[in-house]
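The chain contents come next:
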Amino acid sequence: MNIDINEIPINYQANEVEKEIYDLWEKNECFKADADSNKPHFSMVIPPPNVTGVLHMGHALDGTLQDILVRYHRMAGFETLWVPGTDHAGIATQNVVEKKLREKNLTRFDLGREKFVETVWEWANEHKSAILNQFKRLGASFDRSRERFTLDEGCSNAVKEVFVSLYNKGLIYKGAYIVNWCPRCRSAISDIETEYKTEQGHMWEICYPLKDKVGAIVVATTRPETMFGDVAIAVNPNDYKYKDLVGETVIIPLTNKEIPIIADEYVDSSFGTGAVKITPAHDPNDYEVAKRHNLKPVWVMDEDAKMLDIDVIPESIRGLSREEARKETVGLLKLNNALLDITDHEHNVGHCQRCGTTIEPYLSEQWFVKMKPLAEKAIAAVKNGELNFIPERWTKIYLDWMENVRDWCISRQLWWGHQIPAYYHNETGEMVVAKENPDPAHYTQDSDVLDTWFSSGLWPFSTMGWPNKESKDFKKFFPTSVLVTGFDIIFFWVARMVNMSYEFTGKSPFKNVYIHGLIRDEHGQKMSKSKNNTIDPVGIIDKYGCDALRYTLTSMCTYGGQDIKISDDKFEYGRNFANKIWNASRFVMMNLDGMDENEIDRSSLTIADKWILQKLSDVTADVRSNMENFRIGEYANQVYDFFWGSYCDRYVELAKIQLNNPEQKLNTQRVLWYVLERSLRLLHPIMPHITEKIWQLIPFKVYKDGQKFLMKCDFPTANQYKYSTEVAQMDKTIEAIKAIRNLRQSLNVPAGSQITLNIYGDKELFEQTQAFLKRMVRVENMTISSETINELPPQSASCVVGDTKFVVPLAGIIDIEKEKERQNKKIEKLAKEKTSLEGRISNDNFVKNAPKEVIDTTKARIAELAEQIEAIEELKKSL
């Protein structure tokens, strides 16, 4: 059977092929899962990207790893579902729409809540599939027929069900707590939405005079403008300096307000003066101290971070922004001789991730989830093996957080999101928590919305049809098999999914959590727009191809989950591999004229055939093992080494010899094609487009498992070959080829020159493989002897592999005198470096001051140079 080679372009056009192949998969609904299937299930949910998002390198890595797992398990016989979707991203999306309104000189308040939410929905509906369409450029094989949105009807129903249930169980409550407050967004924000930056500030030392006594206590603070909200001065009970002052009363400067001096273990005696002001309404630590001492908080700022109009605040400071208030407060303290000192102070300051505004710790009434009761099963899940973290080291971090978990603030003062299902009677104020408004004419819904992470925490089961536990997807595909994510959201998302899933389904939401490293630039810096060091994955795909990007990222993954340093040019590595796959496949198909559809004749296999078949079986076993153990980077590197090294560089070259032998040609064609086709299957999860394209060109039905698409074929399994002897023999032959090639190169033997090769040792093996040696190292005359040789003939060179010596006569091949001169120059250069290093290592000052690893490296290099010089001297003798 013949293949029309004109159908296979000489050069691989990645972008054309990738679009063609992905369209083919979509048209034929290749990614659609069947909930009625009898196959075992493998399911995943995508960590939902924000509806505001665009594809970045983190998404590219995360999406690639997920798709590799999905494609592998689909081929390995599982009914596979990968659920795509996006997150409504409360504060981020609201900010985007508000920014657009500001361009029209409008605010959300001008529109009103109903019209504003309607406007955001319009924007979200236009954009929510955009990032998933970018994931298509990655080759993501998720089931778009099941695409979800965290604010869609099904997810909203699940959110209300969970909220009401937790409230009725006493696990959701309303109370006061210090939150990260963004004055610009006018909302509490989560820790993950808070970015900390190191800033240069000041430490002000303020004198608080003692009441009815001479003297004062000096307090160091970075926030003098909040002093009007102080309720106490705290010192450490073990600090002897303040032992006699505990229980005394002081007066807040610029006011007549009296506050006590208290003792609390929280205070660090070594920080500042060892005395701190306690401002519970504006500092989370102070809030805890105040609770312990039954001190009531005093607010001095409003939700816009402006100073309140209250008696305790001097009139000139009221209504000022916190920055203006700080400047005015410091000025008044100086004027009243209450400011003792100002020192420079570097500290971390929280900023809103969305708008950049400095965060204000703010005591406000919010909704909370009691986490400790929910954490119990989530902790047990890890300890009893129901939930596994890969790598295992993340288990400790997860447990540390779970075992010290604090209540979760779930309310946000936004308009876009899941509005809290609590309703207040318009006259009595009675609160009702229910899925629907009990009486819209008399009850008004709570204006706050839920933290985005609340709905995300339900994602693995809300996307499967829950709370309808009889839905086909829930029964078939839940719990999911694995979650792939970065370590940065273990607390904010992973832990909460586990909590919620155990509470409402009684099961872990996934069996395994596969944690990968973060993408960094080539210098190890975190990628960010502000640093101008980001790499656009879509741009990389346009330049190098999707499969090149996928392979490069995957090959750099380590089982330990270390961060990945990447630069634009590294993707050439993946592109080169794609080109190798294309060119090798094209060569093989060009040499299949006359091949039949019969299977390989095992009785006619050559030593090279047996070698490549065993190598294929071995790499298949290794790949399966690595995939089952989430060693995806090792899998990528193994298939690369096998395909490029064993198949292309070795077997294909050896097969060219066999193809010229009429008795071996047909079976060699079968082996060539069988190994190529199985290699395409091995490579497919990582490089799906190029492998599918080549496989579609296959006319041989015998290899297709009755399938129309490679992605639907069975993943290879290892064969029980017993070719270990042949593998060892062929490995020895390949080592001989490498050694002789190195010898030719070291002696500057012209590449086109034929040589004479005399072999002493393993006669039986090299008589069997002499045709390979002749072609691969350009041998014109060859003798093979089982005898050993001690003295080399004059003007010859040799190399040794195992028990066999290979001797190459050089007379007439190279200019002996010139070669001696060249080798002398090499010795001279090496000896000069060796002398320099020996002088360094004999220097007592160097040995005394240099790091141990530098000394060890220097000694190792001296030994290496001595060996090289000795080897060249031996070579000179043979010349």
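This one's a predicted model, so the numbers in the text were calculated from it and none came from an experiment.

Draft legend 1. Quick peek at the packing of helix H16 (residues 537-544) against helix H18 (residues 571-590). Put simply, H16 and H18 touch, their axes get as near as 10 Å, and they point 35 degrees apart. Like other packed secondary-structure pairs, H16 and H18 cross with a definite hand, here right-handed. Note on element contacts: H18 touches H16 through Phe571, Glu572 and Arg575, opposite Ile540, Lys543 and Tyr544. Class assignment of the residues belonging to the contact of H16 with H18 gives a composition of three nonpolar, no polar and three charged.

Draft legend 2. Focus on the sheet that holds strand S10 (residues 249-251). Strand order in the open sheet formed by four strands is S10-S11-S9-S12, with mixed pairing between adjacent strands. In the strand order of this sheet, the two ends are held by S10 and strand S12 (275-278), each with one partner. On average, each strand axis in the sheet is tilted by 35 degrees relative to the strand beside it, whichever way the strands run. Sheet topology note: the strand S9 (residues 232-235)/strand S11 (residues 258-263) ladder contains three bridges and is parallel. Residue Ile233 lies in a different strand from S11, and its bridge partner there is Ile261.

Draft legend 3. Focus on a positive patch on the surface. Judged by side-chain charge, Lys99, Lys100, Arg102, Lys104 and Arg184 come together as a positively charged surface patch. By the element assignment, Arg102 lies in helix H3 (residues 90-102).

Draft legend 4. Layout of the side chain of Thr329. Mapped onto the secondary structure, Thr329 falls in helix H9 (residues 322-335). Setting aside residues no more than four positions away along its own chain, Thr329 makes contact with Pro224, Glu225, Met227, Phe228, Leu254 and Ile317.

Draft legend 5. Spotlight on the sheet that holds strand S19 (residues 431-433). The three strands lie next to each other as S19-S18-S20, forming an open sheet whose pairing is antiparallel. In this open sheet, the two strands that pair with only one neighbour each are S19 and strand S20 (443-445). When strand polarity is set aside, the average angle formed by the axes of neighbouring strands in this sheet is 30 degrees. Pairing between strand S18 (residues 422-425) and S19: three bridges, direction antiparallel. Counterpart to Tyr424 in the pairing with S19 is Met431.

Each value, and the rule that gives it
Residues numbered from 1 in each chain as written. Predicted model: local features only at pLDDT ≥ 70, side-chain atom pairs only at ≥ 80, totals over all residues. Heavy atoms only, no water. Axes fitted to C-alpha atoms, helices over the stretch in contact; angles between N-to-C directions. Helix = DSSP H or I, 4+ residues; strand = E, 2+ residues; numbered from the N terminus. Left-handed = near helix turned anticlockwise from the far one by under 90°. Contact = heavy atoms within 4.5 Å. Nonpolar A, V, L, I, M, F, W, Y, C, P; charged D, E, K, R; others polar. Pairing = 2+ DSSP bridges. Patch = residues over 30% accessible without salt bridge, like charges linked within 9 Å, V, L, I, M, F, W, Y side chains within 5 Å. Areas by Shrake-Rupley, 256 points an atom, 1.4 Å probe, with all protein chains shown as cover. Salt bridge = Lys/Arg side-chain N within 4 Å of Asp/Glu carboxyl O. Lys, Arg positive; Asp, Glu negative; His and termini not counted. Charge placed at Lys NZ, Arg CZ, Asp CG, Glu CD.

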